[in-house]
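Here's the letter readout for the chains.
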Amino acid sequence: MNTSIEKRSKRVRRIAYGEHADQFGDLRLPDGEGPHPVAIVIHGGFWRAKVNLDHMNKLVEAITDLGIATWNIEYRRVGQTGGGWPGTFLDSALAADFVRTLAQTYPLDEDRIFAIGHSAGGHLALWLAGRHKLPQDSVLKNSDKHLRLKGAISLAGVCDLELMHDIHKLREKIMAISENPTFDLIGGMPKELQSRYEQGSPIALLPFGIPLVLIHGALDINVPIGVSEQFEKAAIAAGDQVIFLPLAKAEHFKLIDPMADEWSVVKASIQRLLNENGADQNGYERIEPIANDHR
């Protein structure tokens, strides 16, 4: 067995954060004593059961190699008991808050925790950043003492559930198919379940009050880049600090491939988000646009 692969496999600790079979995460610790900054990593797959957290393993290993502890979370998904509304949201929140429990055993820096997710995971990463804006009576509000993030990074994320629903509805009409993952997640259409879309959609919870980074490929046919473009405009209008990095040559999955050129953009965004020397007057990190050849 390759020594490097063996070393990496040994640093994975699979830990349950709940009682359900899919309420667990993989914790990886980098070399060194710590305390280490923490990335809460959330996989995509349009919230469906057929994709699991292993989908992010290569990206997670690359992030851990940067000296960052990674908490790659699993959650109940559409097609599983308890998945969809509200279980998928509640699981991601429970998994995020569990970092405080992990910090009691492992050398984790609770002041430097951020969320990063891809596609549907990007949606959940942003939702975690904004869930403190939920109404008090929301079924998604599992605690008043939720984990406060340093920032969030969305990789081709579904930032707007209502817009994504309408995109899938248009695809259904054009392609004569019946497949709308957003409908399945929420349990219905926006006009029928408006409050669910408002509570579950990151764009409806703005402003978040923490730095946000949106990275999206112009060639993405799974989640069109316009979803991130609209979110950026709304976030700026709401007063949030957001950096949008469109990558001209990237499709949907290039963003989670550490062997692709796009990894340099993701890597730099992570490092800048955690940079301790760029706080503004509100105590948040300043993130400068990253020059790259992908625009």
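Criteria and cut-off values
- Residues numbered from 1 in each chain as written.
- Predicted model: local features only at pLDDT ≥ 70, side-chain atom pairs only at ≥ 80, totals over all residues.
- Heavy atoms only, no water.
- Axes fitted to C-alpha atoms, helices over the stretch in contact; angles between N-to-C directions.
- Helix = DSSP H or I, 4+ residues; strand = E, 2+ residues; numbered from the N terminus.
- Left-handed = near helix turned anticlockwise from the far one by under 90°.
- Contact = heavy atoms within 4.5 Å.
- Nonpolar A, V, L, I, M, F, W, Y, C, P; charged D, E, K, R; others polar.
- Buried < 20%, exposed > 50% of the residue type's maximum accessible area, 1.4 Å probe, protein only.
- Phe/Tyr/Trp six-rings, centres within 6.5 Å; stacked < 30°, edge-to-face > 60°.
- Salt bridge = Lys/Arg side-chain N within 4 Å of Asp/Glu carboxyl O.
- Pairing = 2+ DSSP bridges.
- Polar contact = N/O pair within 3.5 Å; in protein donor to acceptor, adjacent residues only side chain to side chain.

(A) Quick peek at the packing of helix 3 (residues 87-97) against helix 5 (residues 120-130). At their nearest, the axes of helix 3 and helix 5 sit 10 Å apart, and the two run at 65° to each other. Considering only the axes of helix 3 and helix 5, their crossing is right-handed. Taken together, the residues of helix 5 that come into contact with helix 3 (itself represented by Thr88, Phe89, Ser92, Ala93 and Ala96) are His123, Leu124, Trp127 and Leu128. Residues of the contact of helix 3 with helix 5, tallied by class, amount to 6 nonpolar, 3 polar and no charged.

(B) Molecular detail of the side chain of His165. One can find His165 in helix 6 (residues 161-175). Overall, His165 belongs to the buried group, its relative accessible area being 3%. Aside from chain neighbours lying at most four places away, what touches His165 is Asn180, Thr182, Phe183, Gly188, Met189, Pro190 and Tyr197.

(C) Spotlight on the packing of aromatic side chains. Scanning all chains against the criterion turns up 5 aromatic pairs. With a centroid separation of 5.9 Å and 45° between ring planes, the pair formed by Phe46 and Trp47 is classed as tilted. The buried category is assigned to Phe46, whose relative accessible area is 10%. Residue class for Trp47 comes out buried when judged on its relative accessible area of 0%. Between Trp85 and Phe89 the ring centres are 5.4 Å apart and the planes differ by 65°, which places this aromatic pair in the edge-to-face class. Under the relative-accessibility criterion, Phe89 is labelled buried at 0%. Each residue in the set Trp85, Phe89 and Trp127 is aromatic and connected to the rest through ring pairs, giving one cluster.

(D) Summary view of the pattern of salt bridges. This structure, assessed with the given rule, holds 11 salt bridges. For Asp65, the salt bridge identified is with Arg11, shortest N-O distance 2.9 Å. Linking Asp65 in the loop between helix 2 (57-64) and strand 4 (69-73) with Arg11 in the loop between helix 1 (3-10) and strand 1 (12-16), this pair joins segments that are 54 residues apart in sequence. Exposure remark for Asp65: the relative accessible area of 41% places this residue in the partly exposed category. Through salt bridges that share partners, Arg11, Arg28, Glu61 and Asp65 make up one connected network.

(E) A look at unusual backbone geometry. Cis peptide bonds are those with omega within 30 degrees of zero, and the linkage from Gly34 to Pro35 qualifies with 5°. Turning to its location among the elements, Pro35 is positioned in the loop between strand 2 (24-28) and strand 3 (36-42). Here the amide bond leading from Trp85 into Pro86 is cis, since omega sits at -5°, within 30 degrees of zero. Tracing the chain through its elements places Pro86 in the loop between strand 4 and helix 3.

(F) Looking closely at the sheet that holds strand 5 (residues 108-118). One open sheet accounts for 8 strands, arranged 1-2-4-3-5-6-7-8; its pairing is mixed. Of all strands in the sheet, those with a lone pairing partner are strand 1 and strand 8 (242-247), marking the two edges. Going from strand to strand, the sheet's axes swing by 20° on average, the running direction of each strand aside. With 4 bridges joining them, strand 6 (residues 151-155) and strand 7 (residues 212-217) adopt parallel strand pairing.

(G) Spatial organisation of the environment of Arg112. The topology assignment puts Arg112 in strand 5. A relative accessible area of 17% means that Arg112 is categorised as buried. Spatially, the C-alpha atom of Arg112 lies 8.7 Å from that of Gly151, the residues being 39 residues apart in sequence. At a separation of 3.1 Å, a polar atom in the side chain of Arg112 contacts the side chain of Asp109.

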